[in-house]
Amino acid sequence: MSRYSAAEIEQKWQTAWDETGLFRARHADDRPKYYVLEMFPYPSGRIHMGHVRNYTMGDVIARHKLATGHNVLHPMGWDAFGMPAENAAMAIGGHPKDWTYSNIDDMRAQMKPLGLSIDWAREFATCDPEYYGQQQSLFLDMLEAGLVYRKNAVVNWDPVDMTVLANEQVIDGKGWRSGVDVERRELNQWFFKISDFSEELLSALDTLENWPPKVRLMQENWIGKSRGIEIPFRRTDGADPILCYSTRPDTMRGATFIAISPDHPVSRSLADANAELAAFIADARKMDTTEAAMEKAEKKGIDTGIRVRNPVWPDQTLPVWVGNFVLMDYGTGAVFGCPAHDQRDLDFARKYGLEVRNAFYLPGDPTDVTDVALVPAKTEPVSYVDHFAGIDEVTSQQGIDATIDWFEAKSLGTAQVRYRLRDWGLSRQRYWGCPIPVVHCETCGVVPEAKKNLPVRLPDDVSFEQPGNPLDRHPTWRFTTCPACGGPALRETDTMDTFVDSSWYFARFTAPDAATPTDPDAAAYWMNVDQYIGGVEHAILHLLYARFFARAMHITGHLPAEAIEPFDALFTQGMVTHEIYQTRDANGRPVYHVPEDVENGALKATGERVEIIPSAKMSKSKKNVVDPQNIVSQFGADTARWFVLSDSPPERDVEWTAAGAEATHKHLSRVYRIAAEIRAAEEGPQGTDEALLREMHRTIHDVTLGLESFGFNAAIARLYAFTNTLAKSTAGAAARREAMKTLAQLMAPMTPHLSEEIWQQ
RNA sequence: GCGGGCGUGAUGGAAUGGUAGACAUAUCAGACUUAAAAUCUGAAGGGCAUGUGCCCGUGUGGGUUCGAGUCCCACCGCCCGCACCA
């Protein structure tokens, strides 16, 4: 072969690797183990450049570790449950199962040509009954361990589609499919007790040294620990006091009203006798809970007529309002409003003509002031604090803590540590998910399914013509017998949130065929994941849920104590972006064009200039998607792999360009050519060329360092430089041969096929 | 509002506090060719001198240091995450 033919080379070596079972991982081995994992894909049907970059990074590490004497586990699977499959069934007919499995086949067929060093024998999909059956078993263990419970919760309910909607599926207060107003409905739902682990999930973040600081910080903020105090406000009518939660009791002097949630018990009981209030509460209920809506929503309130006393200055009485902005499930569902020091409270006070009172005495100011402009800057020392604890700066954290202590010492309140983290509601009124393995028995109530009856399989004969959950209207599926009393019972028809599926798959990969969720030996040997790689979009939910699950799996005996932090190192890679090409139609609306139709900034067909928007996320609607399959068939997998790693550091976005891909291909052709030249060079008595060999060893050092520290772009730059040196080298044939072999070896993690070809010749 | 990150040629980006701009793209020139492609050789931060040299340069302004793209302070700009959380 005189020309570089990626197609031939790649096919040849992929077959060879397959036949020798090179990437099969076995857990009896003297070599140190290394588990590298990329976040597994949702089987949409097409792989995209982001997948290529993600899996190539993992593959570079896997191959590098394999080459440096490690026993490597590098598996792949499918995060296969979820709504798109049901949506496809509703839109185009067919069955979610068929749609999903056929997508998996398609995607596997697109991935295999990339030459990834994956142990395909371990592949599974989360919708395999073998997988979700083990998940049900895990759920039952967690139920027994008290890590799962049922409670009523308010959800977004679409009255037409008859299903719960995620916040993301509520657009402007309306269901994204039905277009009707979404209701807030209270339903009985299953919850994981993740909030029991708030403190531990928070403090253990410090041990995750090889995680990006940014991700740790995001989790810290999400868990949201705060120290505050619960303060009872006595009512003038002598009824039970209203408990308010505050993290800023130092602003007590500025309190001019109390706001309670529409869901607060006091609001509810008053509503019985107050039609206006009842209407207000009903109205607040209708408001959807999405971020966007919350931001726009007007702050509204209604005076209850109740008055309470300021606990520190009892001669001051404050009105109690119901406010639509007060959340029932944070703190006590009641707050005191301090308009002088809080923008939201100020807006509210202005709207309803409530008093604005400065919380802090200004130096030399003996009386209360009402002008907001006089409020001292946060860090300014204030003089009034002798009232509290004799501290001179209330607004430092120390000052706030001292104020809390002061309140406690005077028996005016109880210090509280609170977390923003809520329990994880896992019930979904959906078909295509893991059935929750419980039954509802008239005599026994909620009863866990017996493990011998697992998996509770999804029925195949379902229809999607009607809205709602097909499991609910299935003629027979629901009807079963109670595992406890043997009487008639109904199955739970809710399925699990798909985040559950991805919360433990990494553990299942260590023994994908085990008859229990994990195999203790295999889990002990392979866990933890040494390097986990994925998108930063999973920084909070997936990674937090997985950390919770690892703890739950330890408690239920499915993972060793060492595995409660399942990912030793985490790397979040950047996106692959591409220019967008757009022109305008007669009405000035943008029209997008695929890259193939554009040449030199103009449409190939008409010559019309296109507007170029650089570095945009690839998306179908903007038509700037580059299909990896096309690149592989045009240039080969090695070119695609090399390109997505070159140019940009892996944590940053990389811009895909046709010119860059071509240049990469030219470079690989050049390496191939140089190798051929060197092979053909006359053997002779020439000695070594020390300069070349010195450069070679320097390259080995730099590239190794680059591969081990996610400096792939720098490693590749070094390989370019060495290729140039080698091409120009006038050293003897033996030295050049040695240098060429080394070059091939160093390139191998990125371009395994080309390297293997050069190495073997 | 709270939290975090980043500012280096035309472009993507290199650079344990020690020769800024490695490597690549785009560009230009040359060789080969009837021509083109491919390939090979070379130029290239800006300015002045163009002859070997000089001056200025990592968002802006200060500071630490023998020495700062790198460390510290302030400001400007961009990006990201969170947010009626009391």
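One numbering rule holds for all chains: residues counted from 1, following each sequence as written. A letter from A marks each chain and a number from 1 marks each ligand, given out in the order of writing. Two thresholds apply to this predicted model, a pLDDT of at least 70 for residue-level local features and 80 or more for giving and counting side-chain atom pairs, whereas whole-chain, interface and lining totals are computed over all residues. Side-chain calculation: all heavy atoms of the structure are included, whereas hydrogens and water are not.

## Regarding the sheet that holds strand S10 (residues 257–260)
Part 1: Pairing within the open sheet is mixed, and its four strands lie in the order S11-S12-S10-S13. Looking at which strands have only one partner, the edges of the open sheet turn out to be strand S11 (301–309) and strand S13 (334–337). Neighbour to neighbour, the strand axes of the sheet diverge by 30° on average, direction disregarded.
Part 2: Each pair of strands is called paired provided DSSP finds at least two bridges between the two strands. By the criteria applied, helices consist of DSSP H or I runs no shorter than four residues and strands consist of E runs no shorter than two, each listed in order from the N terminus. Judged from the three bridges that link them, S10 and strand S12 (residues 317–323) form a sheet pairing that is parallel. For Ile258, the partnering residue across the bridge sits in S12 and is Val320. Note on geometry: axes are lines fitted to C-alpha atoms, helical ones only across the stretch in contact, with angles between N-to-C directions running from 0 to 180 degrees.

## Considerations on the nonpolar core
Part 1: Side-chain atoms within 4.5 Å are what join buried Ala, Val, Leu, Ile, Met, Phe, Trp, Tyr and Cys residues into a set we call a nonpolar core. Each residue's exposure class comes from its accessible area (1.4 Å probe, protein chains only) as a fraction of the maximum for that residue type: buried when under 20%, exposed when over 50%, partly exposed otherwise. Formed by 148 residues in total, the largest nonpolar core has its most connected members in Phe139, Phe192, Tyr505, Phe506, Phe549 and Trp656.
Part 2: When residues of this core are assigned to their parent elements, the largest contribution, nine residues, is made by helix H17 (residues 541–555).
Part 3: In this structure, Phe549 is in contact with Leu138, Met142, Phe192, Trp424, Val500, Ser503 and Trp504, ignoring residues within four places of it in sequence.
Part 4: Ile242, Ala255, Ala271 and Leu277 belong to the second-largest nonpolar core, a separate cluster that totals 31 residues. Contacts are assigned to residue pairs that have any heavy atoms within 4.5 Å of one another.

## Observations concerning the protein's contact with RNA strand B
Part 1: RNA strand B sits among 35 residues. The nearest are Ser246, Thr247, Lys299, Leu327 and Arg344.
Part 2: Restricting the count to atoms of RNA strand B within 4 Å of the protein gives a sugar and phosphate share of 67%.
Part 3: We define a polar contact as two N or O atoms separated by no more than 3.5 Å, with the added condition that, inside protein, one atom must be a possible hydrogen donor and the other a possible acceptor, whereas residues neighbouring each other in sequence contribute only through side-chain atom pairs. Within the side chain of Arg670, a nitrogen or oxygen atom sits 3.0 Å from a phosphate oxygen of RNA strand B.
Part 4: Any residue outside Ala, Val, Leu, Ile, Met, Phe, Trp, Tyr, Cys, Pro, Asp, Glu, Lys and Arg is labelled polar, Gly included; the first ten of those are nonpolar and the last four are charged. In terms of residue class, the surface near RNA strand B is built from 16 nonpolar, six polar and 13 charged. Whether a residue is near a molecule or strand depends on its heavy atoms: if one lies within 4 Å, it is near.

## Things to note about the confidence of the model for chain A
Part 1: Overall, the prediction assigns chain A a mean pLDDT of 88, with 91% of residues at 70 or greater.
Part 2: Long-range and interchain partners of residues 365–394, a stretch whose pLDDT sits below 50, account for 69 contacts in this model, where long-range means more than four residues apart.
Part 3: Here the prediction assigns the complex a pTM of 0.91, and the interface score ipTM is 0.94. For every residue, the pLDDT score states the predictor's confidence, bounded by 0 at the bottom and 100 at the top.

## Here's the deal with the pairing of strand S7 (residues 183–192)
Part 1: One ladder, built from 10 bridges, connects strand S3 (residues 148–158) with S7; its direction is antiparallel. When the sheet's bridge partners are listed, Val154 is paired in S7 with Glu186.
Part 2: As judged from the two bridges shared by S7 and strand S15 (residues 424–425), these two strands associate in the antiparallel manner. Of the residues in S15, the one forming a bridge with Phe191 is Gly425.

## A few points about the packing of aromatic side chains
Part 1: Geometry of aromatic contacts follows a simple scheme: Phe, Tyr and Trp rings, the Trp one being its six-membered ring, pair when their centres are within 6.5 Å, and the pair is stacked under 30 degrees between planes, edge-to-face over 60, tilted otherwise. All told, the structure shown has 39 aromatic pairs when counted by the stated rule.
Part 2: Seen in terms of ring centroids, Phe233 and Phe336 are 6.0 Å apart; in terms of plane orientation they differ by 45°. Their pairing is tilted. In this pair, Phe233 is assigned in strand S8 (residues 225–233) and Phe336 in strand S13, connecting sequence segments 103 residues apart.
Part 3: Classification of Phe336 by relative accessible area gives buried; the value is 8%.
Part 4: On the basis of an interplanar angle of 35° and a centroid distance of 5.3 Å, the ring pair of Phe257 and Phe348 is categorised as tilted. One end of the pair, Phe257, is in strand S10; the other, Phe348, is in helix H11 (residues 343–352), with 91 residues separating them in the sequence.
Part 5: Classification of Phe348 by relative accessible area gives buried; the value is 0%.
Part 6: Put simply, the rings of Phe40, Phe124, Tyr131, Trp504, Tyr505, Phe506, Phe509, Tyr532 and Phe567 pair up and form one aromatic cluster.
Part 7: Note on criteria: charge over ring means Lys NZ or Arg CZ within 6 Å of the ring centre, with the direction from the centre no more than 35 degrees off the ring normal. If you follow Arg420 out to its NZ or CZ, it ends over the ring of Trp222, 4.7 Å from the centre.
Part 8: Above the ring of Trp477, the side-chain terminus of Arg491 is found at 5.7 Å from the ring centroid.

## Considering the sheet that holds S15
Part 1: The strand order S4-S3-S7-S15 describes an open sheet built from four strands, whose pairing is antiparallel. One side of each edge strand has no neighbouring strand; the edge strands of this open sheet are strand S4 (163–165) and S15.
Part 2: Across the face of the sheet, helix H5 (residues 129–144) comes into contact with S3 and S7 while running at roughly 90° to S7.

## Quick look at the pattern of salt bridges
Part 1: Think of a salt bridge as a Lys or Arg side-chain nitrogen and an Asp or Glu carboxyl oxygen that are within 4 Å of each other. Enumeration over the complete set of coordinates arrives at 35 salt bridges.
Part 2: A salt bridge links Asp530 to Lys33; its shortest N-O distance comes to 2.7 Å. Here Asp530 is found in the loop between helix H16 (520–526) and strand S22 (531–535), whereas its partner Lys33 is found in strand S1 (residues 33–38), with 497 residues between them in sequence.
Part 3: A relative accessible area of 19% places Lys33 in the buried class.
Part 4: Among the salt bridges present, the one from Asp141 reaches Lys451, with a minimum N-O distance of 2.6 Å. Placement of Asp141 in helix H5 and of Lys451 in the loop between strand S18 (445–448) and helix H13 (470–473) is noted, with a sequence separation of 310 residues between them.

## Let's talk about the environment of Val36
Part 1: Checked against the element boundaries, Val36 lands in strand S1.
Part 2: Taking the C-alpha atoms as reference points, Val36 and Ala569, 533 residues apart in sequence, are found 9.6 Å from one another.
Part 3: Not counting chain neighbours up to four residues away, the residues in contact with Val36 comprise Gly58, Ile61, Ala62, Val72, Leu73, His74, Pro75 and Gln531.

## Concerning helix H3 (residues 83–92)
Part 1: Buried within H3 are the following residues: Met83, Ala85, Glu86, Asn87, Ala88 and Ala89.
Part 2: Looking at the buried residues of H3, the elements they touch are helix H4 (96–111).
Part 3: One or two steps after H3, the chain reaches Gly93, where phi turns positive at roughly 80°.

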